[in-house]
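Architecture at a glance
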Amino acid sequence: MNNFDKFIRDHAGMFDDEEPSANHFDRFDQRLAAFHESSVKQSPIRLWMKIAAGIVILMTLGLAIFDLATYDFSTRTNLQEATLGLPGELIEVLDIYKSRSDQQMTELNQLALNCPNGSQLVQTTQKELDQLDLKKADLVDALMENPSNDRVQTALIQNCKAKESLLSDVILREKMKKCN
């Protein structure tokens, strides 16, 4: 305990001898009322800001969830529309090749970022892929007319293999250039 605390305890009787003036409590009540009035004036603005911020957050969250949900649905719907009437096993094979090709295209784009002629390489490869996709569309149309045609099914799978092989070759070639 320090000296000041000791002095107050020793002389406590000297400090309790006077009562506050009569106006003291009135002035205290007035200041307290003024304080409450000033805080009430600020709260409606803050309340509206909180409500607006909450609405913006909820709308953003709702749009994000909706976008994620519909993206997956639209991807499945497009695949089903393109392969309507095809055997289920063939659809699975086509889907596997499509996901592999998408992964390889992503890898090629990443490799192209580090190459001086990367954009030209991607454009050339994309043109070749577009030609394969046109042939694939023709094969899907032919297969929809006759779903049991094994030759067309085989040709469709070979088309997907060619697309994957093209991307693999381009990626391997670019990796080899970096090693040399």
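Just so you know, the residues in each chain are numbered from 1, in the order the chain's sequence is written. Per-residue local features are limited, in this predicted model, to residues with pLDDT of at least 70; the limit for side-chain atom pairs, both in listing and counting, is 80 or more; totals at the level of whole chains, interfaces and linings are taken over all residues. Hydrogen atoms and water are omitted, and side-chain values are computed over all heavy atoms in the structure.

1. Some thoughts on the pattern of salt bridges
One side-chain nitrogen of Lys or Arg within 4 Å of one carboxyl oxygen of Asp or Glu is enough to make a salt bridge. The final tally for this structure, using the stated rule, is three salt bridges. For Glu-164, the salt bridge identified is with Arg-100, shortest N-O distance 3.6 Å. In this pair, Glu-164 sits in helix H6 (residues 150-179) while Arg-100 sits in helix H4 (residues 88-113), placing the two residues 64 residues apart along the sequence. The class for Glu-164 is buried, based on a relative accessible area of 15%. The partner of Asp-133 in a salt bridge is Lys-163, with the nearest N and O atoms 2.9 Å apart. Placement of Asp-133 in helix H5 (residues 118-145) and of Lys-163 in helix H6 is noted, with a sequence separation of 30 residues between them. Relative accessible area serves as the criterion here: at 17%, Lys-163 is assigned to the buried category. Labels follow the DSSP assignment, with helices taken as runs of H or I lasting at least four residues and strands as runs of E lasting at least two, numbered in each case from the N terminus. In this scheme, a residue with accessible area under 20% of its type's maximum is buried, one over 50% is exposed, and one in between is partly exposed, where area comes from a 1.4 Å probe on protein chains only.

2. A few points about the packing of aromatic side chains
The rule is short: rings of Phe, Tyr and Trp, with Trp giving its six-membered ring, pair when the centres are within 6.5 Å, and they are stacked under 30 degrees, edge-to-face over 60, tilted in between. This model, assessed by the stated rule, comprises zero aromatic pairs. Here the guanidinium or amino end of Arg-100 rests over the ring plane of Tyr-97, the centre of that ring lying 5.7 Å away. Sitting over a ring, as applied to charges here, requires NZ of Lys or CZ of Arg to be within 6 Å of the ring centre and within 35 degrees of the ring normal.

3. Structural notes on the packing of H4 against H5
Axis angles are defined between N-to-C directions and span 0 to 180 degrees, where every axis is a line fitted to C-alpha atoms and, for a helix, only to the segment in contact. It is the contact of H4 with H5, at a shortest axis distance of 11 Å, that shows an interaxial angle of 170 degrees. As summarised for this structure, H4 and H5 are arranged roughly antiparallel, according to the angle between their axes. Contact residues: Leu-90, Met-105, Leu-108, Asn-109 and Ala-112 in H4; Gly-118, Leu-121, Val-122, Thr-125, Gln-126, Leu-129 and Leu-143 in H5. Basically, the charged four are Asp, Glu, Lys and Arg, the nonpolar ten are Ala, Val, Leu, Ile, Met, Phe, Trp, Tyr, Cys and Pro, and anything else, Gly included, counts as polar. For the contact of H4 with H5, the class distribution of residues is eight nonpolar, four polar and no charged. Oblique is the label for any angle not covered by the other classes, which are roughly parallel (under 35 degrees), roughly antiparallel (over 145) and roughly perpendicular (65 to 115). A contact between two residues is defined here by any heavy atoms of the two lying within 4.5 Å.

4. Side note on a nonpolar patch on the surface
Without a salt bridge and with relative accessible area above 30%, a residue can belong to a patch; like charges are then joined within 9 Å and nonpolar side chains (Val, Leu, Ile, Met, Phe, Trp, Tyr) within 5 Å. Per-residue and other accessible areas follow the Shrake-Rupley method at a 1.4 Å probe size, with only the shown protein chains counted as cover for residues. A surface patch of nonpolar side chains, amounting to about 550 Å² of accessible area, comprises Leu-47, Trp-48, Ile-51, Ile-55 and Met-59. Here Trp-48 shows up in helix H3 (residues 22-82). Look at Trp-48 and you get exposed, because its relative accessible area is 59%.

5. A closer look at the nonpolar core
Nonpolar core, defined: a set of buried Ala, Val, Leu, Ile, Met, Phe, Trp, Tyr and Cys residues in which side-chain atoms within 4.5 Å join the residues together. Among the nonpolar cores identified, the biggest contains 12 residues, and these are Met-105, Leu-108, Leu-111, Ala-112, Leu-121, Val-122, Leu-129, Leu-132, Leu-166, Leu-167, Val-170 and Ile-171. Sorting the residues of this core by element identifies H4, H5 and H6 as the ones contributing at least two each. When neighbours within four sequence positions are excluded, Leu-132 is seen to be in contact with Asn-159, Ala-162, Lys-163 and Leu-166. Of all hydrophobic cores here, the second largest spans eight residues; its members include Leu-90, Val-140, Leu-143 and Val-152.

6. Comments concerning the confidence of the model for the protein chain
This prediction gives the protein chain a mean pLDDT of 77; 80% of its residues lie at or above 70. Every residue in residues 77-81 scores below 50 in pLDDT, and together they form two contacts with partners more than four places removed in sequence or on other chains. Residue-level confidence of the predictor is summarised by pLDDT, bounded by 0 at the bottom and 100 at the top.

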